[in-house]
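Listed below are the residues making up each chain.
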Amino acid sequence: MAVILPVSKSSVIPLGHCFALDIPALICWQQAANMTDHGVWTFLSRLPTGTHFLNIRLMNVTFSYTAIKYDNIDVFGYTAWSLLDGFEWQHAYNIRRGLFYVDFKSEKKERIPKSSALYYRQIIRENGFFPRESTPSLQAQFSCDFSWGITESFCDSSLYLWNITGDGLLHKVKGVKLKTRPAQCTDFVSIKKQLDLLEKMKVTHYRFALDWSLILPNGDLSVVNRQVLRYYRCVISEVLKLNVQSMVTLYYPTHAYLGLPGPLLQTGGWLNQSTAYAFQDYAALCFRELGDLVKLWITINEPNRLSDVYNRSSNDTYQAAHNLLIAHAMAWRIYDEQYRSFQYGKVSLSLHSDWAEPANPYFESHSKAANRFLQFEIGWFADPIFKTGDYPATMREYIGFKNRKGLSYSSLPSFTSEEKQLVKGAADFYALNHFTTRFVIHEPQNGSQYEFDRDIQFLQDITCLSSPSRLAVVPWGMRKVLGWIKKTYGDIDIYITANGIDDQSLDNDELRNYYLGKYVQEVLKAYYIDKVKIKGYYAFKLTEEKSKPRFGFFTSDSKGKPSIKFYNNLISNNGFPADYSACDPSNQEKQCSFCLFVSQKKPLIFFACCLFSTLILLLTIIVFHKRKRRKRFKAKSNHCICVSF
């Protein structure tokens, strides 16, 4: 397609600068088009990786496809320029436009296909863009005992009382002690708000986190905040009345709040192994106080993301991770040895588990980089627990390789034989938080930092649908990571403990609906086709925080969004059913509705039973006395008759 653009002196593009045409607008202007000459060029004299140019070509073909499908433009052809590198007018041999690389310095002038040639061949073979979802959408359901949950970071554990100013707001009152009656769960007004939100979600499970620093402010058992423990117990017990089970996270660090008690933070936090022993005591306390009501425990949320906190050096990062692993394993052993026999619960830790794809699938270095990302991100914690009792061999070998080259001075800690026995097998299921897929290239880096040790760089795929925070929506990545976990760690139970996306819209969060539908569909494929033992799915998250990416189903002031109804439908259908339901949800709904009514109206039912019993007793007494009076009257009458006679 030859295009003449009117230009002025001010609009002339300087030599060497890039200028991107708005291809959809250009095609729309022409109404009908055959793209006969389209391509990009590079100054490189050596064979390039082609990733950047592959993405540009992909973008332009995508725009052409968009014009055909959505703008109803008659685009009837596309021709790439050019087949080979060659003589390019005033640039001579200094720029290269070809799909095939030509070595001009060689006598034979060898032709080598670039990655863009391989990708263009794939586009031609598939006559467009074949979806990455390798199988069409399924009409099927999960198992009848599948857990549908919602995740929340923390519960508000403060005591609130209604004020008398008439503004209807909750105001925290310090030092309030209720002495007029025994303590009740209704003392915590904020619980009712949580229950109202959960009831609207119609979930079967609720995941929330305890606050270690509130329960044990000194970091040890010398001071235990019983009020906070009572609050958490009330949350769990009141949620149970809604027929909702709790999955409780013991430790939930974030970028803004590390969540450690002050004294432990002052002594080095997770760089000090004593923190692991303090965590063991804290976990044992929670198991003892709450374990009769909780069947699913998460010890630590995303320990593989604490590298963002302990990042002074790679050795700090690896030492903190080592102590986190030991802390989790000790907590699991405590539960296994002292509480499992009568509480019948399960314990694991939750790992951030995004999938990684090579940015250029035709380059081996990119494929190796993607696998290396998975080992450094997931295998770092999963291998010691679910596999070998030690860090991944790939991870140790690559760090050793960089050490020998003088590019890094990092070293992974070594497990003692006792620690290997402690850590290996210390989980009852695999819990993962998954949000997106990362596109990875190999990028050599120098320095002793965890991020540098991996030698990878992330690329943003401009053709992918993305959220406001630039999370790429790549549903097939969910199925891939679930399959990888099964292949790497065996046929273990898996809970997806967080999955969601930020959506700025408050009135019509269509992006969240699309994300939920597509990602749950891929989870269903992994469950139904790949036979991955997925036990539950938890959407992220219940409420959003102010001035943060909008992940919540409810706003910070508890206003619901349309995606609530969409998730309700997924839960009620237990997936994507055909015309019939294997679980017969209608009967289950009736049964659960009756159970829910009974659990919610216990005081009223008890009062009604007492009233009914009292009425029965009064009626019995009245009838008894009436009969007695009749007998007396008859006896008196008979006596009078006898005397007269």
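All figures in this text were calculated on a predicted structure; none of them were measured in a lab.

Caption draft 1: Focus on the overall build of the protein chain. What the protein chain contains, in helices and strands, is 19 helices and 19 strands. Considering only intrachain contacts with a sequence separation of at least 6, the fraction spanning at least 24 residues in the protein chain is 75%. Of the accessible surface of the protein chain, which amounts to about 33800 Å², a share of 58% is contributed by carbon and sulfur atoms.

Caption draft 2: Structural detail: the pairing of strand β10 (residues 245-251). The buried count for β10 comes to six of seven residues, which makes it a mostly enclosed element. Alignment of strand β9 (residues 205-209) against β10, held across five bridges, turns out to be parallel. Counterpart to alanine 209 in the pairing with β10 is threonine 249. Inspection of the sheet shows β10 paired to strand β11 (residues 296-301) by four bridges, in the parallel sense. Directly across from valine 248, in β11, lies its bridge partner tryptophan 297.

Caption draft 3: Looking closely at helix α12 (residues 393-404). Between the first and last C-alpha of α12 there are 16 Å, a value that for 12 residues agrees with the 16 Å anticipated at 1.5 Å per step. For α12, the full list of buried residues reads Met395, Tyr398, Ile399, Gly400 and Lys402. On its buried face, α12 is in contact with α9 (314-338), α11 (364-386), β15 (437-442) and α14 (450-453). With its phi angle positive at about 75 degrees, glycine 406 sits one or two positions after the end of α12.

Caption draft 4: Seen up close, the UniProt feature "transmembrane region" (unreviewed entry) in the protein chain. With numbering aligned to this structure, UniProt lists the feature "transmembrane region" (unreviewed entry) at residues 604-624. With 100% helix and 0% strand, the stretch residues 604-624 has end C-alpha atoms that lie 30 Å from each other.

Caption draft 5: Just the sheet that holds β15, in detail. Across the sheet, three strands lie side by side as β13-β15-β16; this open sheet has mixed pairing. Looking at strand neighbours, the two that pair on one side only are β13 (355-358) and β16 (456-459), the edges of this open sheet. This sheet shows a mean twist of 45 degrees between the axes of neighbouring strands, independent of strand direction. With four bridges joining them, β13 and β15 adopt parallel strand pairing. Within β15, the residue paired with alanine 356 across the bridge is arginine 438. Most of the contacts of α11 go to β15, to which it runs at about 125 degrees, and overall it touches β13, β15 and β16.

Caption draft 6: View of the pattern of salt bridges. Inspection of the entire model under this criterion finds 22 salt bridges. The partner of aspartate 390 in a salt bridge is arginine 396, and the shortest N-O contact between them spans 3.1 Å. Overall, aspartate 390 belongs to the buried group, its relative accessible area being 19%. The partner of lysine 525 in a salt bridge is glutamate 522, and the shortest N-O contact between them spans 3.0 Å. Residue lysine 525 and its partner glutamate 522 are both found in helix α16 (residues 510-528); the two are separated by three residues, about one turn of the helix. When its relative accessible area of 2% is taken as the criterion, lysine 525 is described as buried. On the accessibility criterion, glutamate 522 (2% relative accessible area) is buried. Put simply, Arg305, Glu377 and Arg454 are held in one network by salt bridges that share partners.

Caption draft 7: Summary view of the state of the cysteines. Scanning all chains against the criterion turns up one disulfide. The residue that forms a disulfide with cysteine 185 is cysteine 234, at a sulfur-sulfur distance of 2.2 Å. Sign of the S-S torsion, about -85 degrees for the bond between cysteine 185 and cysteine 234, identifies this disulfide as left-handed. Note that cysteine 185 is positioned in the loop between β8 (170-172) and α4 (189-201) and cysteine 234 in helix α6 (residues 226-241), a separation of 49 residues in sequence. What makes cysteine 185 partly exposed here is its relative accessible area of 21%. Using a relative accessible area of 5% as the deciding quantity, one classes cysteine 234 as buried. Considering cysteine sulfurs only, cysteine 609 is the nearest to cysteine 610, which forms no disulfide, with 7.0 Å between them. Here cysteine 610 falls in the partly exposed class, since its relative accessible area comes to 32%.

Caption draft 8: Geometry of the packing of helix α8 (residues 274-290) against α9. Between α8 and α9, the least distance of the axes is 9 Å, while the angle of their chain directions is 35 degrees. Crossing angle aside, the handedness with which α8 passes α9 is right-handed. Residue-level inspection shows Ala276, Tyr277, Phe279, Gln280, Ala283, Ala284 and Phe287 of α8 in contact with α9, the latter providing Asn323, Ile326, Ala327, Met330, Ala331, Ile334 and Tyr335. In terms of residue class, the contact of α8 with α9 is made up of 12 nonpolar, two polar and no charged.

Caption draft 9: Representation of the packing of α9 against α11 in the model. Two numbers describe how α9 lies on α11: the axes approach to 11 Å, and their chain directions differ by 40 degrees. Of the possible angle classes, the one that applies to α9 and α11 is oblique. Seen along the crossing, α9 lies across α11 with a hand that is right-handed. Of α11, the residues touching α9 (which contributes Thr317, Tyr318, Ala321, Leu324, Leu325 and His328) are Phe376, Trp380, Phe381, Pro384 and Ile385. Residue composition of the contact of α9 with α11, grouped by class: nine nonpolar, two polar and no charged.

Caption draft 10: Molecular detail of the side chain of threonine 497. Inspection of the secondary structure puts threonine 497 in strand β17 (residues 494-499). Given a relative accessible area of 0%, threonine 497 falls into the buried group. In terms of polar contacts, threonine 497 uses its side chain to reach the side chain of asparagine 433, at 2.6 Å. Not counting the four nearest positions on each side in its chain, threonine 497 is found in contact with Thr151, Arg207, Met247, Ser350, Ala431, Leu432, Asn433 and Tyr538.

Caption draft 11: Local environment of the nonpolar core. One finds Trp270, Leu482 and Tyr567 to be the most contacted residues of the largest nonpolar core, which totals 138 residues. When residues in this core are grouped by element, the largest group, 13 residues, is from α9. Apart from residues no more than four positions distant in its own chain, tyrosine 567 is found in contact with Trp148, Gly149, Met201, Val203, Leu516, Tyr537, Tyr538, Ala539 and Phe553. Ranked by size, the runner-up nonpolar core spans seven residues in total, among them Ile298, Phe429, Ala431 and Tyr538.

Caption draft 12: Highlighting unusual backbone geometry. For the peptide bond that leads from phenylalanine 540 to lysine 541, omega is -5 degrees, which places it in the cis range. Structurally, lysine 541 is set in the loop between β18 (534-540) and α17 (563-573). If you check the backbone angles, serine 558 has positive phi at about 70 degrees while not being a glycine. Take serine 558: it is sitting in the loop between β18 and α17. Exposure remark for serine 558: the relative accessible area of 21% places this residue in the partly exposed category.

Caption draft 13: How the structure looks around helix α3 (residues 115-126). Helix length check: α3, at 12 residues, gives a terminal C-alpha distance of 17 Å against a target of 16 Å (1.5 Å per residue), a fit within 8%. Buried within α3 we find Ser115, Ser116, Ala117, Tyr119, Tyr120 and Ile123. Directly after α3, the chain includes asparagine 127, whose backbone phi takes a positive value near 55 degrees.

Calculation criteria
Residues numbered from 1 in each chain as written. Predicted model: local features only at pLDDT ≥ 70, side-chain atom pairs only at ≥ 80, totals over all residues. Heavy atoms only, no water. Helix = DSSP H or I, 4+ residues; strand = E, 2+ residues; numbered from the N terminus. Contact = heavy atoms within 4.5 Å. Areas by Shrake-Rupley, 256 points an atom, 1.4 Å probe, with all protein chains shown as cover. Buried < 20%, exposed > 50% of the residue type's maximum accessible area, 1.4 Å probe, protein only. Pairing = 2+ DSSP bridges. Expected span 1.5 Å × (residues − 1). UniProt positions renumbered as here; feature names shortened; annotations may be inferred. Axes fitted to C-alpha atoms, helices over the stretch in contact; angles between N-to-C directions. Salt bridge = Lys/Arg side-chain N within 4 Å of Asp/Glu carboxyl O. Disulfide = S-S within 2.5 Å. Left-handed = near helix turned anticlockwise from the far one by under 90°. Nonpolar A, V, L, I, M, F, W, Y, C, P; charged D, E, K, R; others polar. Parallel < 35°, antiparallel > 145°, perpendicular 65-115°, else oblique. Polar contact = N/O pair within 3.5 Å; in protein donor to acceptor, adjacent residues only side chain to side chain. Core = buried A, V, L, I, M, F, W, Y, C linked by side-chain atoms within 4.5 Å.

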